[in-house]
Structures are given as C-alpha cells and as structure tokens.
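A structural walkthrough
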Amino acid sequence: MTKVAIVGIGCRFPGADNVDEFWQVLKNGENHVIEVPANRWNLEAFYDEDPTTPGKTNVRRAGFVKEYDYWDYKFFGINEFESLRMDPQHKFILDSTYMALESAGITRKEIKGSNTGVYIGIMNSDYSTNFAESFGDFDNHTITGTNNSIVSSRVNYTFDLHGPSMTIDTACSSSLMAIHHAHQAIITGECDMCIAGGVNALLKPDNFIQLSKAGMVSPTGQCQAFSENADGYARGEGCGIVILKSYEKALEDNDPIWATVSTASNHDGHTVSPITTPSMQQQIELLNIVFKRFDVDPQSIDYIEAHGTGTKAGDPVEVKAL
C-alpha cells in the first residue's frame, strides 16, 4: 500500500506563531493556559464556581493565541471590508497553510491549478454569533466570512487549487478525520497532494457554559489526563496544517519528510451509552485495523499520543484499550 508522507507543517498555537516557536514551547515545557483575556469576553459576568448555576461557567482559564485579531489581509489579496467579516479561524487556516507550503519548499506558482485537495477539521463557530443579534450587520461578505463550509474552500480559492475541498466536523476528532480523508485521497490517487488539519477559536463563553454543565471541562484550566485528579479537559485555540504527499512522490520531488502516516477510522455505534461515552471495544478494534491494514507490529511502537480527555469517564477506557 502507498505510504503517505508529511512534507510540510504550519501552525499557530498559544505561545507559538509558527512551528519553530511551538517546538520551543514543547522543549521548555511551557504552559500558556491563562485567564480569559478582557478582549474575548467579560469573565466575571459569566463565571461562577458552581457549574450548575444557570448561564455560568466554572472555567476561568484556557489557551489563547496572541493578537488573534491582527491579520495581513492584503497579503492574501483580500480587501478590508471582507476581512472585517471573516471568522479568525479562516485567517488562522490561511496563515498556517502558507507556512506549511513554505516549510515544504512549495511555491504558490507550483501549486496553482494543481490537483491538490483541502481537508479542514472545524467544530466551533463562535464568530458567527456576533451577527445573530442584529440583522442590520449582515452584508455581502457575512455568509462567506462566517460559514464553516467556506473555511476549506477559501484555501482552494486563495491558492487556486482544483482538488476536492471539504470541511469536516466530528467534534474532538475533526482534525484527525480531516487528515484521514486526505490520507485516503492520496492512497486512492484522487489527489496528488493534500492540505489537511484543523482550527479552533475561542471568542464566546457559550461553549464553556455548555461544557461546564456536562462536566467535561476542568475548572482549574488544566487537563490532568490519566491522573486521579482528572476533572475535565482544558480548552484551547489555534491551528495546525500538514502537507501530505505519497512517500514515493515526496522522494522524487526531494521534499523534506517529517514523518509517514497511516490512518483508519471507526465508530462506537451503540456499543456504549450514553452517546458521549467512549468504547474500549471499538478503540481496540481500530488499533487492530491499523496493525493489520498497514502491516504494523505492535511491539515496534514506542510512543502513543492518546486522546487524554482528563475525565474519569474517558481516561480509564483509553488506558485499558491500549
């Protein structure tokens, strides 16, 4: 089976505006979880230490990208009026895509008109609610600037890419599913190259309130995965993009190769209940699918990056499955 290689990486994360800075964050063990900044929302107006209080969240901290609202729209050929109506997630994606192409040594001229696919994972749309209170704020750029379906198409449009374009929402797994579909497109020959990844922006308290009610987020703002102190996950924003090619094509083009990837996907169905409960049985099944399909010896694995929800419902299931 065709091997798929990562030939470029671009990102914006809390404390890091590019992959080199992100490496330093990891290397130094830096923690960029902070109290909700005043330019996002009024924290005190929506906070209560009791998660059952109506309309309140018991979370004060999260990971935020600095200067999220600063953007060089002219660099991408976008006018000021359209830029003002664009969700920051669209902007994160364009910035990270450009950085990923740059790290791969691929120019805009090279990919113009190419059979390059774009697969973007996105699950939130905080920005669109800015326009929910006043119909008078709508203009001709609102629909394209706030719609999640456009986030992938904007990449195709900006870089003139003619492969498939897909925005994917599968909640926590959205970016992984985007990479899975891109991986499949390379293997089947549907695309010569793919741009894939995910994006998130935290602009409103709405989801914090809902997640607090569900007991899914940590009131400390720290994800203490696989610990007896696990009390939920910490929310964060940012964007990560990878450029995928077949391994053979990457070698032929003398591309930098960061890694090769193999992916598979399944679902829990009704093996567990309620719908948010993870299934140990299906996690084991998925691992076995990967081992068999890609001829992987489980004994050769020396590192696993887990979901690590930091919850008493998710962590034990994942550990036992592994």
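All of these numbers come straight from a predicted model, not from anything done at the bench. (Residues numbered from 1 in each chain as written. Predicted model: local features only at pLDDT ≥ 70, side-chain atom pairs only at ≥ 80, totals over all residues. Heavy atoms only, no water.)

What about the side chain of Glu318?
Stated formally: Segments assigned H or I by DSSP are reported as helices when at least four residues long, segments assigned E as strands when at least two residues long, and all are numbered from the N terminus. Buried residues are those whose accessible area, probed at 1.4 Å on protein chains only, stays under 20% of the maximum for their type, while exposed residues exceed 50% and partly exposed ones sit between those limits. Within this scheme the basic residues Lys and Arg register as positive and the acidic residues Asp and Glu register as negative, but His and the chain ends are omitted. Salt bridges, as used here, are contacts in which a Lys or Arg side-chain nitrogen is within 4 Å of a carboxyl oxygen on Asp or Glu. Every residue pair with non-hydrogen atoms within 4.5 Å of one another is taken to be in contact.
Mapped onto the elements of the fold, Glu318 is located in helix H12 (residues 315-321). Although Glu318 is buried, it makes no salt bridge; Lys320 carries the closest opposite charge, 13 Å away. Once you skip the residues sitting within four places of it in the chain, Glu318 turns out to touch Phe226, Gln283, Ala306, His307 and Gly308.

Details of the side chain of Ser96
Looking at the element boundaries, Ser96 is found in helix H4 (residues 88-104). Not counting residues up to four positions away in its chain, the partners in contact with Ser96 are Gly10, Cys11, Arg12, Cys239 and Ile241.

Notes on the state of the cysteines
Convention followed: Throughout, a disulfide means two cysteine sulfur atoms within 2.5 Å of one another.
Counted by the stated rule, this structure contains 0 disulfides. Among the cysteines around Cys172, which has no disulfide bond, Cys223 carries the closest sulfur, lying 10 Å off. In this structure Cys172 comes out as exposed when scored by relative accessible area, which is 57%. The thiol of Cys239 is unpaired, and the distance to the nearest cysteine sulfur, on Cys11, comes to 8.3 Å.

Overview of the environment of Ile195
Counting through the fold element by element, Ile195 comes out in strand E6 (residues 193-200). Residue class for Ile195 comes out buried when judged on its relative accessible area of 0%. For the pair Ile195 and Ser174, spaced 21 residues apart in sequence, the C-alpha separation works out to 14 Å.

Focus on the domain arrangement of the chain
Rule in force here: Note that domain bounds follow an automatic or database assignment of domains. Accessible area, probed at 1.4 Å, shrinks when two parts are joined; the buried area is that loss added up over both.
Segmentation of the chain into domains returns domain 1 (4-263) and domain 2 (264-321). Counting residues at the interface gives 19 residues for domain 1, matched by 15 residues for domain 2. Per-residue buried area on domain 1 facing domain 2 is highest for Phe226, Ala230 and Thr263; these three make up 42% of the total on that side. Across the domain 1-domain 2 interface, the total number found is 0 salt bridges.

Quick notes on the environment of Val59
Relative to the assigned elements, Val59 resides in the loop between helix H2 (43-46) and strand E3 (61-63). Counting along the chain gives 71 residues from Val59 to Asn130, while the straight-line C-alpha distance between them is 22 Å. Ignoring any residue separated from it by four or fewer positions in sequence, one finds Val59 in contact with Leu43, Tyr47, Phe208, Ser212, Val217, Ser218 and Pro219.

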